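Understanding the architecture of this molecule
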Amino acid sequence: HNNGIAGGIVGYASINSNFTGSSVIDCDNVSCTVEAKYEAGGIVGFLYSGYVEYCRNYGTVISNCAGQTNYAGGICGGSFGTIRYCYNEGTVSGIGANVGGIAGAPSTVRNCYNIGTLTGGNVGGIAGADALGTNIYNSYSAGTLSGSGSVGNIIGSVMLGGTTTKCYYDSKNSEYDGVSGSMDREGKVESKTTDELCLALLDGLSSDDWAIKEPDIKDGKKYLYYPYLKHFGEESVAVGTYRAICK
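Residues numbered from 1 in each chain as written. Predicted model: local features only at pLDDT ≥ 70, side-chain atom pairs only at ≥ 80, totals over all residues. Heavy atoms only, no water.

Quick look at the overall build of the chain
Regarding its fold elements, the chain presents 1 helix and 33 strands. Here the contacts in the chain between residues at least 6 apart in sequence split such that 69% fall between residues at least 24 apart. With the model as given, the accessible surface of the chain reaches about 9900 Å², and the carbon-plus-sulfur share is 46%. (Helix = DSSP H or I, 4+ residues; strand = E, 2+ residues; numbered from the N terminus. Contact = heavy atoms within 4.5 Å. Areas by Shrake-Rupley, 256 points an atom, 1.4 Å probe, with all protein chains shown as cover.)

Structure, rendered in structure tokens:
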């Protein structure tokens, strides 16, 4: 798609006929390229109300109109709702845009992760910009980041308040802080080594929802895997380090 707002599954998710928020559940973007001028999301272009859960993106997401009022995210371009139990492995980019592994500018994110490649203006492993007082809980990012503006392993540009609770990032990206921007936030973002991320569940990543695949030992080499969401099964595990082979 090449419109103002586009998503791999839903373009604009608003209030439904019962005047309650929309729900987008158990959807995958396996290979679709999503391209839009303003709001581009691997699953939903813009989530006005409701929630997206148990969704994953492997596709390419592009915001193709330059400007910091444009948003691109692995799951949602922008969101006033809640994104939970989702992950991104796709490539997300935007020319000067706010780019996030989960959303360009989300309201609430819970139990999500990103291992995709992100490029843009303000870039964050989970959220590109914290324009809505974003709250992020129990999430991590281990993707590759680069941006022309503010870059953070969890949040790129911070403009309003909000909290980050029990969020982590791989220290291989230690050139960037966990949160970048102009305002302090409540909560904590922690840097962890790949071994720390891959060998045990960290505080906040509950064993009710998360699991760890045991390392593989082959030819004297250790192959590590990042934590995965139980809902998707062990087959969804992500390759941990450059030493690892593809699943």
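Read on for the rest.
Details of the pattern of salt bridges
All told, the structure shown has 5 salt bridges when counted by the stated rule. Residue Arg84 pairs with Glu53 through a salt bridge whose shortest N-O separation is 2.7 Å. With a gap of 31 residues between them, Arg84 in strand 12 (residues 82-84) and Glu53 in strand 7 (residues 50-53) connect regions that are remote in the sequence. A relative accessible area of 25% places Arg84 in the partly exposed class. Judged by its relative accessible area of 12%, Glu53 is buried. (Salt bridge = Lys/Arg side-chain N within 4 Å of Asp/Glu carboxyl O. Buried < 20%, exposed > 50% of the residue type's maximum accessible area, 1.4 Å probe, protein only.)

Considering unusual backbone geometry
A positive phi angle is found at Tyr54, which is not glycine, with a value near 55°. Look at Tyr54 and you get partly exposed, because its relative accessible area is 21%. Its identity as a non-glycine residue notwithstanding, Lys166 has a phi of 55°, on the positive side. By the element assignment, Lys166 lies in strand 26 (residues 163-170).

Description of the environment of Leu199
Relative to the elements of secondary structure, Leu199 occurs in helix 1 (residues 194-199). Given the relative accessible area of 41%, Leu199 is considered partly exposed. For the pair Leu199 and Pro227, spaced 28 residues apart in sequence, the C-alpha separation works out to 8.4 Å.

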